[in-house]
Amino acid sequence: MQRRCQEVIDACWSLGPDNPIVAIHDVGAGGLANALPELVHDSGMGGAFELRSIPSADSGLSPMEIWCNESQERFVLATSE
């Protein structure tokens, strides 16, 4: 998965000024509870999150478990589109 993510990042980066990626944040030890608020804060725009729409290998996780789950080797991307 990390390789595929890097391929997407590389393909977007190669677009130069048309690159749709505005920001990238490593999810890591803080989980989404750390990564998403930092991304939103840095954008200066605000945001809303549909936690049930976040892909997960365990469909039984509660929204709180999804929000706080540590996710090594996972990224969140903010795009202009």
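As a reminder, the structure under discussion sits directly above these lines.
Throughout what follows, the structure given in this document is the object of discussion.

Rules used in this analysis
- Residues numbered from 1 in each chain as written.
- Predicted model: local features only at pLDDT ≥ 70, side-chain atom pairs only at ≥ 80, totals over all residues.
- Heavy atoms only, no water.
- Helix = DSSP H or I, 4+ residues; strand = E, 2+ residues; numbered from the N terminus.
- Expected span 1.5 Å × (residues − 1).
- Buried < 20%, exposed > 50% of the residue type's maximum accessible area, 1.4 Å probe, protein only.
- Arc of directions from axis to C-beta.
- Contact = heavy atoms within 4.5 Å.
- Phe/Tyr/Trp six-rings, centres within 6.5 Å; stacked < 30°, edge-to-face > 60°.
- Core = buried A, V, L, I, M, F, W, Y, C linked by side-chain atoms within 4.5 Å.
- Polar contact = N/O pair within 3.5 Å; in protein donor to acceptor, adjacent residues only side chain to side chain.

### Looking at helix H1 (residues 2–13)
Part 1: Taking 1.5 Å of rise per residue, 12 residues should cover 16 Å, and H1 covers 16 Å from first to last C-alpha, within 8% of that figure.
Part 2: What H1 keeps buried is the set Cys5, Ile9 and Cys12. Down the axis of H1, the smallest arc covering the buried residues is 65 degrees, so these residues share one side.
Part 3: Buried residues along H1 sit in contact with strand E1 (21–28) and strand E2 (71–79).

### What about the packing of aromatic side chains?
Part 1: Evaluation of the coordinates by the stated rule reveals 1 aromatic pair.
Part 2: Ring centres of Phe49 and Trp67 lie 5.8 Å apart, and the angle between their planes is 40 degrees; this geometry places the pair in the tilted category. In this pair, Phe49 is assigned in the loop between helix H2 (32–43) and helix H3 (63–68) and Trp67 in helix H3, connecting sequence segments 18 residues apart.
Part 3: For Phe49, a relative accessible area of 35% translates into the label partly exposed.

### Notes on the environment of Ser53
Part 1: Examined against the element boundaries, Ser53 turns out to sit in the loop between H2 and H3.
Part 2: Between the alpha carbons of Ser53 and Glu65 there is a distance of 14 Å; along the sequence they are 12 residues apart.

### Overview of the nonpolar core
Part 1: If you look at the biggest cluster of nonpolar residues, it comprises 9 residues: Val27, Leu32, Ala35, Leu36, Leu39, Leu51, Leu61, Ile66 and Val76.
Part 2: Sequence-distant contacts of Leu51, defined by excluding residues within four places in its chain, comprise Pro63, Ile66 and Trp67.

### Side note on the side chain of His25
Part 1: Following the sequence through the fold, His25 ends up in strand E1.
Part 2: For His25, a relative accessible area of 17% puts it in the buried group.
Part 3: Here the side chain of His25 touches Glu38 through a polar contact of 2.5 Å, side chain to side chain.
Part 4: Among all residues touching His25, those that are not within four sequence positions of it are Asn34, Ala35, Glu38, Leu39, Arg74, Phe75 and Val76.

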